[in-house]
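Each chain is listed here by its residues.
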Amino acid sequence: QRQPSGRPAPLDVSVLPMREWLAALLLLVRSAMEIVVASYHFDHPSLTQALLQRLGSRAPADVVVLVDNGAYVERACYRMRARLEELRRAGARVYLCRGAPPLGAFHMKAVVLDRRWLFTGSANLTSKSSSNVEPCLRICGPPVGEVLTTLEEVRGRGQLGDWLSYSAPSP
């Protein structure tokens, strides 16, 4: 695993209200060069728009999105397929992931930016979660690398989505 460039960041953990957490996340997405998004469900319009803008900028970012295979196949989140397809067409790599066999779900909720910042908590990255009361954390420091290692392991077992010719595997 590559480490962040520059001096190691000291540990910093902030508990933020959902709106503040989202605003801080979106602000950092604007300038991040590496973005890893992981969520059981994904359809957040503001985050999708920020990622699309980042992918289309002069210095585009490397964007990876991990979502649960079962939630995708079941169409449990109304706009998830369309938003993931839009991100994929813009250059994001989208992976369908599974939890531990035989029935586990990929239930992580995390966004890692430039291997330095971790935004996590109980909220899925959906439009509905914006109005929920959720514990939301912004973390900087060594735990970010630990979470990123887990996400990279899951991504290695996931299936890269190509929705132009993709038919979902049976669960």
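Keep in mind it's a predicted model, so treat the numbers as computed, not measured. (Residues numbered from 1 in each chain as written. Predicted model: local features only at pLDDT ≥ 70, side-chain atom pairs only at ≥ 80, totals over all residues. Heavy atoms only, no water.)

S.K.: Would you mind showing me how to read the sheet that holds strand E5 (residues 110-113) here?
M.R.: Strand-to-strand pairing in sheets goes through backbone hydrogen bonds, with the strands running parallel or antiparallel. Strand order in the open sheet formed by eight strands is E1-E7-E6-E5-E2-E3-E4-E8, with mixed pairing between adjacent strands. Both outer strands of the open sheet, strand E1 (12-16) and strand E8 (159-160), are each paired with one neighbouring strand and no more. Contacts from helix H1 (residues 18-29) reach E1, strand E2 (34-39), E5, strand E6 (117-121) and strand E7 (136-140) within the one sheet, and its direction differs from that of E6 by about 150 degrees. (Pairing = 2+ DSSP bridges. Helix = DSSP H or I, 4+ residues; strand = E, 2+ residues; numbered from the N terminus. Contact = heavy atoms within 4.5 Å. Axes fitted to C-alpha atoms, helices over the stretch in contact; angles between N-to-C directions.)

S.K.: Can you help me understand helix H5 (residues 142-157) in this one?
M.R.: In an α-helix there are 3.6 residues to a turn, and that puts residues three or four apart on one side. Over its 16 residues, H5 runs 24 Å from end to end, which matches the ideal 22 Å to within 8%, given 1.5 Å per residue. Of the residues making up H5, those classed as buried are Val144, Val147, Leu148, Leu151 and Val154. Down the axis of H5, the buried set is contained in an arc of 125 degrees. They therefore lie on one face. Exposed side of H5, more than 90 degrees from the buried face: Pro142, Glu146, Gly156 and Arg157 are the residues found there. The inward-facing, buried residues of H5 contact E2, strand E3 (62-68), strand E4 (93-97), E5, E6 and E7. (Expected span 1.5 Å × (residues − 1). Buried < 20%, exposed > 50% of the residue type's maximum accessible area, 1.4 Å probe, protein only. Arc of directions from axis to C-beta.)

S.K.: How should I be thinking about the side chain of Glu85 in this particular structure?
M.R.: With respect to the helices and strands, the residue Glu85 is situated in helix H4 (residues 80-90). There is a polar contact of 2.4 Å between the side chain of Glu85 and the side chain of Arg89. (Polar contact = N/O pair within 3.5 Å; in protein donor to acceptor, adjacent residues only side chain to side chain.)

S.K.: I would appreciate a short explanation of the packing of aromatic side chains in the present structure.
M.R.: Working definition: an aromatic ring pair is given by the centre-to-centre distance plus the angle between the planes. Counting across every chain of the model gives one aromatic pair. Where Trp21 meets Phe119, the ring centres are 5.9 Å apart and the plane angle is 70 degrees; that geometry is what we call edge-to-face. With Trp21 in helix H1 and Phe119 in strand E6, this pair connects stretches of sequence that are 98 residues apart. Exposure remark for Trp21: the relative accessible area of 2% places this residue in the buried category. (Phe/Tyr/Trp six-rings, centres within 6.5 Å; stacked < 30°, edge-to-face > 60°.)

S.K.: Got a minute to help me understand the confidence of the model for the chain in this structure?
M.R.: Caution applies to low-pLDDT parts of the model: their predicted coordinates are not meant to be read in detail. For the chain, the average pLDDT comes to 87, and 89% of its residues sit at 70 or higher. Considering each helix and strand of the chain separately, the mean pLDDT is smallest for E8, with a value of 84, and largest for helix H2 (residues 45-55), with 97. Ignoring residues within four places in sequence, the model shows residues 164-171, a span with pLDDT below 50, making 14 contacts including any to other chains. (pLDDT = per-residue confidence, 0-100.)

S.K.: Sorry, what's going on with the pattern of salt bridges here?
M.R.: Pairs can form between side chains of opposite charge whenever their charged atoms are close. Applying the stated criterion across every chain yields a total of five salt bridges. Residue Arg93 pairs with Asp62 through a salt bridge whose shortest N-O separation is 2.6 Å. With a gap of 31 residues between them, Arg93 in strand E4 and Asp62 in strand E3 connect regions that are remote in the sequence. Given the relative accessible area of 36%, Asp62 is considered partly exposed. (Salt bridge = Lys/Arg side-chain N within 4 Å of Asp/Glu carboxyl O.)

S.K.: So what exactly am I meant to see when it comes to the nonpolar core here?
M.R.: It is characteristic of soluble globular proteins that their nonpolar side chains tend to be buried jointly. Residues Trp21, Leu25, Ile35, Phe42 and Leu51 are the most contacted members of the largest nonpolar core, which totals 37 residues. Counting only elements with at least two residues in this core, the list comes to H1, E2, H2, E3, helix H3 (69-73), H4, E4 and E5. The greatest single-element share of this core, amounting to seven residues, is contributed by H1. Residues in contact with Leu25, not counting those within four places in the same chain, are Leu47, Val111, Leu113 and Phe119. Residues Ala38, Leu66, Cys97 and Val147 belong to the second largest nonpolar core, which totals 16 residues. (Core = buried A, V, L, I, M, F, W, Y, C linked by side-chain atoms within 4.5 Å.)

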